[in-house]
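Structural characterization, general
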Amino acid sequence: MMRKAFLGTFIVLLCHLVQAQHRITVAKDGSGQYKTVQAALNAVPEGNNKPVTIYIKKGIYKEVIVVDATKSFIKLVGEDAAKTILTYDNHAGTRMPNGDTLNTWTCASFFVYGNDFSAENVSFENNAGFTAGQAVALRIEGNRASFKNCRMVGFQDVLFLSGSGVKHYFRDCYIEGTTDFIFGAATAVFKKCHIHSKKNSHVTAASTNSIIPYGFVFLDCRLTADSNINKVSLGRPWSSTASVAYINCWMDSHIVPEGWNNWKNPANEATARYAEYNSSGPGANSDARVKWAKQLTTEEAKKMTLQNILGTWDPEK
């Protein structure tokens, strides 16, 4: 019996040791192993395929951060979503010291290329300013990225879900911006998120490939705007087969009655896949919506489940 008890205690201690080895703390005041998030990410070995948690203490971390494609299963945990801020002020058109000019794909503050990345209680920000043009806060290229209780804030092109055929999940997140501030080719579910517009423009600009069944799906979300904003569309198609759906979402009066925009190309009306179900609030107006967008039936809406959209990947586990 004593031998079994000793063995059990040893296994518990070993598990705690393994967990400790895969947790890194970042703190600007030097109380962690690293003072910058990128330094902590650099410490993760290439080819990593085991869970690594990087705990980030409160502070403003001004740095361009890259999660390399060779580093998967990295999880960022902030001390406080509103006070753990990862930020930079890059924007399209900026000339770099090496002579390169930043564009939509290269102007992000935070890049995710690795698979199975996740984050909780973190703010991803681009503070280039209202007039800077394209200035991405978070660009995701890797597969199966998950965000819970995070903030994505900036102005134009805040959240760039650039990978075609990859899948992501956002729950209880706050996302704000001006023009096309949620855009890209990926499949993504936004559950109980707060989407806030700061300009008369468009919420989404999906570029979903025609062979991908789902683009952006908003479930039980809340759409609001600054008090002076009154002409915002739910989306315009960056590609002709863009796919966006709002299910059981509350919309304030800033959403235009017609709901959607064809991006000055009537041909997009025959191919864009735009849909709503049970929208509520002052901005919900099913009778006035454009005829080329769809009002889903109850049976069609019931098919918009995490399993149907995300497949075998369950980000809630």
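Structural notes, computed from the coordinates. Remember, predicted model here, so these are calculated numbers, not experimental data.

Here's the deal with the packing of aromatic side chains
Under the criterion given, the structure shown has 19 aromatic pairs. Measuring from ring centre to ring centre gives 5.9 Å for Phe-110 and Phe-117, while their planes differ by 50°; the resulting arrangement is tilted. Relative to Phe-124, the ring of Phe-110 has its centre 5.0 Å away and its plane inclined at 85°; by these criteria the two rings are edge-to-face. Of this pair, Phe-110 sits in strand E7 (residues 110–112) while Phe-124 sits in strand E9 (residues 123–126), and the two are 14 residues apart along the sequence. Residues Phe-110 and Phe-124 agree in their burial class; the two are buried. What links up through ring pairs into an aromatic cluster is the set Phe-110, Phe-117, Phe-124, Phe-147, Phe-170, Phe-190, Phe-216, Phe-218, Tyr-246, Trp-260, Tyr-274 and Trp-292. The cationic tip of Lys-28 hangs over the ring face of Tyr-61; the distance from NZ or CZ to the ring centre is 5.3 Å.

Notes on the sheet that holds strand E4 (residues 65–67)
Sheet architecture is open: six strands sit in the order E4-E7-E10-E13-E16-E19, paired in parallel fashion. The open sheet is flanked by E4 and strand E19 (204–206), the only strands paired with a single partner. Direction aside, the axes of adjacent strands within the sheet are offset by 10° on average. Both strand E10 (residues 138–140) and strand E13 (residues 159–161) contribute to a ladder of three bridges, which runs parallel. Each bridged residue has a counterpart across the sheet, and for Arg-139 the counterpart in E13 is Phe-160.

How each quantity is defined
- Along each chain, numbering runs from 1 in the same order as the chain's sequence is written.
- Per-residue local features are limited, in this predicted model, to residues with pLDDT of at least 70; the limit for side-chain atom pairs, both in listing and counting, is 80 or more; totals at the level of whole chains, interfaces and linings are taken over all residues.
- Each side-chain value is derived from all of the structure's non-hydrogen atoms; neither hydrogens nor water enter the calculation.
- In summary, the pairing rule links any two rings of Phe, Tyr or Trp, Trp by its six-membered ring, whose centres are within 6.5 Å, and it sorts them by plane angle into stacked for under 30 degrees, edge-to-face for over 60 and tilted for everything else.
- Segments assigned H or I by DSSP are reported as helices when at least four residues long, segments assigned E as strands when at least two residues long, and all are numbered from the N terminus.
- Whether a residue is buried, partly exposed or exposed follows from its accessible area with a 1.4 Å probe, protein chains only, as a fraction of its type maximum: under 20%, in between, or over 50%, in that order.
- Put simply, a charge is over a ring when the Lys NZ or the Arg CZ is close to the ring centre, within 6 Å, and near the line of the ring normal, within 35 degrees.
- For two strands to count as paired, DSSP must find a minimum of two bridges between them.
- What counts as an axis is a line fitted to C-alpha atoms, over the stretch in contact for a helix, and the angles between N-to-C directions run from 0 to 180 degrees.

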